[in-house]
Amino acid sequence: MSQTTASQEEFIEIFGAREHNLKNLDIKIPRNKLVVVTGLSGSGKSSLAFDTIYSEGQRRYLESFSAYARSFLGGMERPDVDKINGLSPVIAIEQKTTSKNPRSTVGTTTEIYDFMRLLFARAGEAFSYLTGNKMVRQTEDQIIEQLFSNFSGKKLYLLAPVVKGRKGHYRELFEQIRKMGFSKIRVDGVVMEVVPKMQVDRYKIHDIEIVIDRIVAEESDRFRITQSIKSALQHGKGVMMLRDEEGNIHHFSKYLMDPETGLSYDEPAPNLFSFNSPYGACPTCNGLGITEEITRESIIPDPNLSITRGGIAPLGEYRDIWIFKKIDAILKHYKCSISTPIAKLPEKVIEVLLYGSQIEVAVDSVKYPGTKWHTSFEGIVNFLQKHQEGSSEKIQDWVSEFTVTRTCPDCEGYRLKKESLHFKIDNTHIGQLAMLNIRDLGEWFSDVESRMTEKQQVIGTEVLKEIRKRIGFLLDVGLDYLTLNRPLKTLSGGEAQRIRLATQIGTQLVGVLYILDEPSIGLHQRDNVKLIQALQSLRDLGNSVLVVEHDKDMMLASDFVLDMGPGAGRHGGHVVAAGNPDEILNQGGVTADYLKGKLGLPIPEQRRKGKGESLKLTGASGNNLKNIDLNIPLGTLTLITGVSGSGKSTLIHETLYPILRQEFYSSKKEPMPYKKISGLEHLDKVIEVDQSPIGRTPRSNPATYTGVFSDIRTLFTELPEAKIRGYKPGRFSFNVKGGRCEDCEGAGMKLIEMDFLPDVHIPCETCKGKRYNRETLEVRFKGKSIADVLDMTVEQAVEFFENQPKILRKIRTLKDVGLGYITLGQHATTLSGGEAQRVKLATELSKKDTGKTFYILDEPTTGLHFQDIEMLMEVLQKLVEKGNTVLIIEHNLDVIKVADYIVDLGPEGGDQGGRILVEGTPEKVAAHPESYTGKFLKEELNLS
């Protein structure tokens, strides 16, 4: 179907969608509308939106390429669907595609920084980094006029610089100058004759200028002087010098130059302001703004220990190996002992241990007893630095334990070299602008013309228009607290998705189908309105917008809602209800009941007070935190709330969690700055459940991740049949040789490479997709083989293993968190974000809790329907009942209203956040006049 016909159609029509758990669906979705796809987690939302509609759109796009081009791109599999009509070009904005590259920043992704580079290259004013003077550029005529007006009647030398501050003997250069007919040169300030075979000291730094002419600045000689100046500029590549009678040097340049010192800059180009280009990046940190330093403190954490007792952390305690023999020999050379505490060793000796010495010492050979090796010592720091790059990943990780990340001392975190930071507009350089948050940046650009020269205004008109437009889009999606220099890898999934959304609005495309995956993640209720308006503006441009979402406001603001269900997994895959929001409410169903308020989490009659003990963190001041004191009552369900960017992640993930990990697991990760912490003695372990996937390969699955597969394999090993055959647990693993099918190496599938078509996965002919060989499958428990167990859903497995307490405990927690529909052997790559997070949660919950465990969860409601949230909260409440502490970072009001204790940060994001506005029960937070969370909570709790 041609694109013109597609764009005239009113509907996207899908016939026979069967991808994953979809039950042969026929659906009509209106075009050029804001459509929300909702339903229980695992009901088939992503299968419909991404695996069917997006996948088919991508495939059609690739089909438009030549067969030759497709062979390089790799084909796309055709989704399991009969036909799709009315499909426009598709763009998916997902959470999973966040770049992990530290060079990818908010500024580069949104293109704002690219336009700023262009603006500074064309309209920036240059200043000298030596004197602060404004740089000047002069034409030949201006140089000539200056010479006659300032040096009239004086004797002058015209010089052309050819070498500036470089080492070398320059024999060939002098010979070349002599052949060009020049008789005199000036070397390091001294004028001398050019003679054959002339050379200078090759190991010293030299300045060499050709003496082009000796003149007296008189009008009668104007022609000769003009020719000499042209010659000087030609040989000096646009730069010349003038030496007067007193021996003073004056500099002239056709390019940017400091007239006082002669410092000159290259003509500015946009790449001079790029930290990803060698022309603009700071040479010390390579444009990253940070340096990884190996510090003395990390190598010698406790100077009171001797080297034998592990005083040098990378080496550990004394062993009979070469390095310790070498250190022993060095210490003996300096008349010291290896068993002396490091603090008592002379400073000079410590310097040698850390940074090495050229002095050779004799070391007894281990391999050849009786012989000695005479070697020098390179030093622990130099050794680690050598392995920091270019070694295996494992060694690099080991070295990283002894490095500390610091702001680059040369560029002060601005990422650019000093020349780039001395081009300014309104006395501000590009690095300072990249450090401003989007809100302040918008204000700076809003009236910058009034502070620019007329010439700058003419040059910058169009560029400023583009910059303002893009800043406006970022403000529209609620990201005013981010800075342009913020690396993309430090953003949450929701933030990264909203940045790409702002970028797409900026491209002003028309007739496109946008598919978004829960863009409201990490967004406070207050900013939800902005997001909905941004999506509506995308629709109003003439695009279709399809959003997979659970947010109540988004559903009610949409034009069309598609409710998937009725259950999850194999119980889902049907369309339960479809229509505009009013029709959905009238059609009934679980989603409608939650929207109407018929169903929902009940507000607890009483809030827990906790055990009376608390965890107190004092003086947290990382990023935008304003020296705050956090108090968490233990034995409660505590929530950290606040608008996006208010400092929640900094406080919990980057300050509190690393402190607890250091305490309980001796972690090396340094927490953000804080003064002290108390109450740790009331806890014995910390568990964090984040949103990263449980595995990136099909070999990872819920059974392997939760660890229950090891127990199942052990159970099979203990069966009489297995014992007779002498099978060990490895026999029942599909990842090692022995019991697996060797034809497909335990994958159950075979990959057939099709040169001009997509690769095809077919079930392995030998094992028929079972992953194991015949002998392994003959061992059965209750009539089921190990392959049959992997194909069971969690619900079936709970019944099957009811008499195996160790296995049952782990499987039951998967069911408790609402994952009864997934199979034990389901490939990790096919799990949604919400499912992966709940598999992790179930794994942690199945471990025996002690009543002193501290759980940290980051937005566990991601990807969860109202009903799933209810199940999740039931599980978490049980944990708290046993005396554990559960700390959740969350925006979802259903969860916030059932908390025992809330810590609300704010009032705004970025530098206007970082304070604790209010802490206490939800009722107390709802009563606070400044709190945005309180304002929405008041409605939720039905408080007037």
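Data block above holds the structure.
Summary of the structure given here. On a predicted model such as this, the values are computed, not experimentally measured, just so you know.

Next up on the list: the overall build of the protein. A tally of helices and strands in the protein yields 34 helices and 35 strands. Judged by the C-alpha coordinates and their principal axes, the protein covers about 110 × 85 × 65 Å. Across the 944 residues that make up the protein, the buried fraction comes to 52%. For the protein, contacts bridging at least 24 residues in sequence account for 67% of all contacts bridging at least 6. Across the protein, the mean location of the 121 positive side-chain charges is 5 Å away from that of the 126 negative side-chain charges.

By the definition in use, this model includes zero disulfides. Not part of a disulfide, Cys744 finds its nearest cysteine sulfur in Cys741, a span of 3.7 Å. Since its relative accessible area comes to 8%, Cys744 is described here as buried. Cysteine Cys767 remains unbridged, with the sulfur of Cys764 as its closest cysteine sulfur at 3.7 Å.

A few words on helix α16 (residues 454–476). Taking 1.5 Å of rise per residue, the 23 residues of α16 would be expected to cover 33 Å, and the 31 Å separating its terminal C-alpha atoms lies within 8% of that figure. Along its length, α16 reaches its greatest deviation from straightness, about 55 degrees, at Gly460. Regarding α16, the residues found buried are Gln456, Gly460, Val463, Leu464, Ile467, Arg470, Ile471, Phe473 and Leu474. Against α4 (106–110), α5 (112–123), β6 (125–126), β19 (423–425), α15 (438–446) and α17 (493–507) lie the buried residues of α16. A positive phi of about 75 degrees marks Gly478, the residue just after α16.

Turning next to the packing of helix α6 (residues 140–150) against helix α8 (residues 222–235). Closest axis-to-axis distance for the α6/α8 pair is 11 Å, and the angle between their directions is 125 degrees. When the interaxial angle is binned, α6 and α8 end up oblique. The chirality of how α6 crosses α8 is right-handed. Residues Glu140, Ile143, Ile144, Glu145, Leu147 and Phe148 of α6 pack against Arg222, Ile225, Thr226, Ile229, Lys230 and Leu233 of α8.

This brings us to the pairing of strand β3 (residues 34–39). Along β3, six of the six residues are buried, which leaves the element largely enclosed by surrounding structure. The two faces of β3 match: Leu34, Val36 and Thr38 on one face and Val35, Val37 and Gly39 on the other face are all buried. Direction of pairing for β3 relative to strand β22 (residues 544–548): parallel, over a ladder of four bridges. The partner of Val36 across the bridge, within β22, is Val547.

Further remarks concern the sheet that holds strand β21 (residues 513–517). Note on sheets: strands pair through backbone hydrogen bonds, and any given pair is parallel or antiparallel. With respect to topology, six strands assemble into an open sheet ordered β5-β21-β22-β3-β23-β24, the strand pairing being mixed. On the outer flanks of this sheet lie β5 (90–93) and β24 (574–579), each paired with one strand and no other. Neighbouring strand axes in the sheet, compared pairwise and without regard to direction, differ in orientation by 20 degrees on average. Of the strand pairs in this sheet, β5 and β21 are connected by four bridges, and their pairing is parallel. Within β21, the residue paired with Ala92 across the bridge is Ile515.

With that out of the way, let us pick up the sheet that holds strand β28 (residues 676–678). An order of β26-β25-β28 is seen for the three strands of this open sheet, with the pairing classed as antiparallel. One side of each edge strand has no neighbouring strand; the edge strands of this open sheet are β26 (628–633) and β28. Here the strands of the sheet are splayed against their neighbours by 10 degrees on average, with no regard to which way each runs. Alignment of strand β25 (residues 614–620) against β26, held across five bridges, turns out to be antiparallel. Directly across from Leu617, in β26, lies its bridge partner Leu630.

When you line up the elements, Asp563 lands in strand β23 (residues 560–565). When its relative accessible area of 3% is taken as the criterion, Asp563 is described as buried. C-alpha of Asp563 to C-alpha of Asp527: the two residues are 36 residues apart in sequence and 25 Å apart in space. Those residues in contact with Asp563 that lie beyond four places of it in its chain are Thr38, Gly39, His574, Val575, Val576, Ala577 and Thr591. Looking at Asp563, its side chain comes within polar contact range of the side chain of Thr591, at 2.8 Å.

This brings us to the nonpolar core. Membership of the largest hydrophobic core comes to 73 residues, with the highest contact counts inside it found for Ile712 and Phe801. Considering every element that reaches this core, the biggest residue donor is helix α31 (residues 866–881), with seven residues. Residues in contact with Ile712, not counting those within four places in the same chain, are Ile786, Val789, Phe801, Ile807 and Leu824. Of all hydrophobic cores here, the second largest spans 66 residues; its members include Phe275, Leu441, Val448 and Tyr514.

Side-chain pairs of opposite charge can arise whenever the charged atoms involved come near each other. Considering all chains together, one arrives at 50 salt bridges under this definition. The partner of Lys184 in a salt bridge is Glu193, with the nearest N and O atoms 2.4 Å apart. For Glu193, a relative accessible area of 46% corresponds to the partly exposed category. One salt bridge connects Asp540 with Arg539, and the closest N-O pair in it is separated by 3.0 Å. Classification of Arg539 by relative accessible area gives buried; the value is 17%. Here the salt bridges do not stand alone but share partners, grouping Glu721, Arg725, Arg774, Glu775 and Glu778 into one network.

Our next topic: the side chain of Asn528. Here Asn528 is to be found in helix α18 (residues 525–540). Polar side-chain contacts of Asn528 include one of 2.9 Å to the side chain of Asp551.

Assignment of secondary structure puts Phe324 in helix α10 (residues 322–333). Since its relative accessible area comes to 0%, Phe324 is described here as buried. Residues Phe324 and Glu63 lie 261 residues apart in sequence; the distance between their C-alpha atoms is 64 Å. Those residues within four positions of Phe324 in sequence are excluded, and the remaining contacts are Ile307, Leu315, Gly316, Glu317, Tyr318, Arg319 and Ile338.

Think of a pair of aromatic rings as described by two things: how far the centres are apart, and how the planes are tilted against each other in angle. What the rule picks out here adds up to 19 aromatic pairs. For the ring pair Tyr318 and Phe324, a centre distance of 5.1 Å and an interplane angle of 55 degrees mean the geometry is tilted. Judged by its relative accessible area of 37%, Tyr318 is partly exposed. On the basis of an interplanar angle of 75 degrees and a centroid distance of 6.1 Å, the ring pair of Tyr727 and Phe732 is categorised as edge-to-face. The class of Tyr727 is buried, set by a relative accessible area of 11%.

A few words now on the side chain of Thr503. Assignment of secondary structure puts Thr503 in helix α17. With sequence-adjacent residues up to four places away left out, Thr503 is seen in contact with Thr109 and Thr110.

A word on unusual backbone geometry. For the bond from Gly565 to Pro566, the omega torsion is -5 degrees, close enough to zero to count as cis. Topologically, Pro566 is positioned in the loop between β23 and β24. Pro907 follows Gly906 through a cis peptide bond whose omega is 0 degrees. Along the chain, the position of Pro907 falls in the loop between β34 (901–906) and β35 (915–920). Despite not being glycine, Lys335 has its phi angle at roughly 60 degrees, a positive value. Position of Lys335 among the secondary structure elements: in the loop between α10 and α11 (347–355). Although it is not a glycine, Gln508 sits at a positive phi angle of roughly 55 degrees. Considering the arrangement of structural elements, one finds Gln508 in the loop between α17 and β21. Given the relative accessible area of 37%, Gln508 is considered partly exposed.

Reading guide: rules and limits
Throughout this document, residue positions are counted from 1 along each chain, in the order its sequence is written. Predicted model: local features are reported for residues with pLDDT of at least 70 only, side-chain atom pairs are reported and counted for 80 or more only, and whole-chain, interface and lining totals are derived from all residues. Side-chain measures were taken over the full set of non-hydrogen atoms in the model, leaving aside hydrogen atoms and water. Helix and strand definitions here come from DSSP, where helices need a minimum of 4 consecutive H or I residues and strands a minimum of 2 consecutive E residues; each element is numbered from the N-terminal end. Burial classes: relative accessible area under 20% of the type maximum marks a residue as buried, over 50% as exposed, and values in between as partly exposed (1.4 Å probe, protein chains only). Residue contacts are counted whenever heavy atoms from the two residues lie within 4.5 Å of one another. Charged-residue counts in this description rest on Lys and Arg as positive and Asp and Glu as negative, His and the chain ends being excluded. One atom stands in for each charge, and that atom is NZ of Lys, CZ of Arg, CG of Asp or CD of Glu. Any two cysteine sulfur atoms within 2.5 Å of one another count as a disulfide. Here, expected helix span is obtained from the residue count minus one, scaled by 1.5 Å. Fitting one axis to the seven residues ending at a residue and another to the seven starting there, the bend at that residue is the angle between the two axes. Simply put, an axis is a line fit to the C-alpha atoms, just over the touching stretch for a helix, and the angle between two N-to-C directions goes from 0 to 180 degrees. The scheme is simple: roughly parallel for angles under 35 degrees, roughly antiparallel for over 145, roughly perpendicular for 65 to 115, oblique for anything else. Crossing handedness: left-handed means the near helix sits turned counterclockwise from the far one by under a right angle, and right-handed means the same turn made clockwise. Only when DSSP finds a minimum of two bridges between them are two strands counted as paired. Any N or O atom pair separated by 3.5 Å or less is treated as a polar contact, with the protein-specific requirement of one donor-capable and one acceptor-capable atom, and with residues adjacent in sequence counted only for side-chain atom pairs. Buried Ala, Val, Leu, Ile, Met, Phe, Trp, Tyr and Cys residues that are joined via side-chain atoms within 4.5 Å together make up what is termed a nonpolar core. One speaks of a salt bridge when a side-chain nitrogen belonging to Lys or Arg is within 4 Å of a carboxyl oxygen belonging to Asp or Glu. Stacked, tilted and edge-to-face are the three classes applied to pairs of Phe, Tyr and Trp rings, where Trp contributes its six-membered ring and a pair requires centres within 6.5 Å; stacked means planes under 30 degrees apart, edge-to-face means over 60, and tilted covers the rest.

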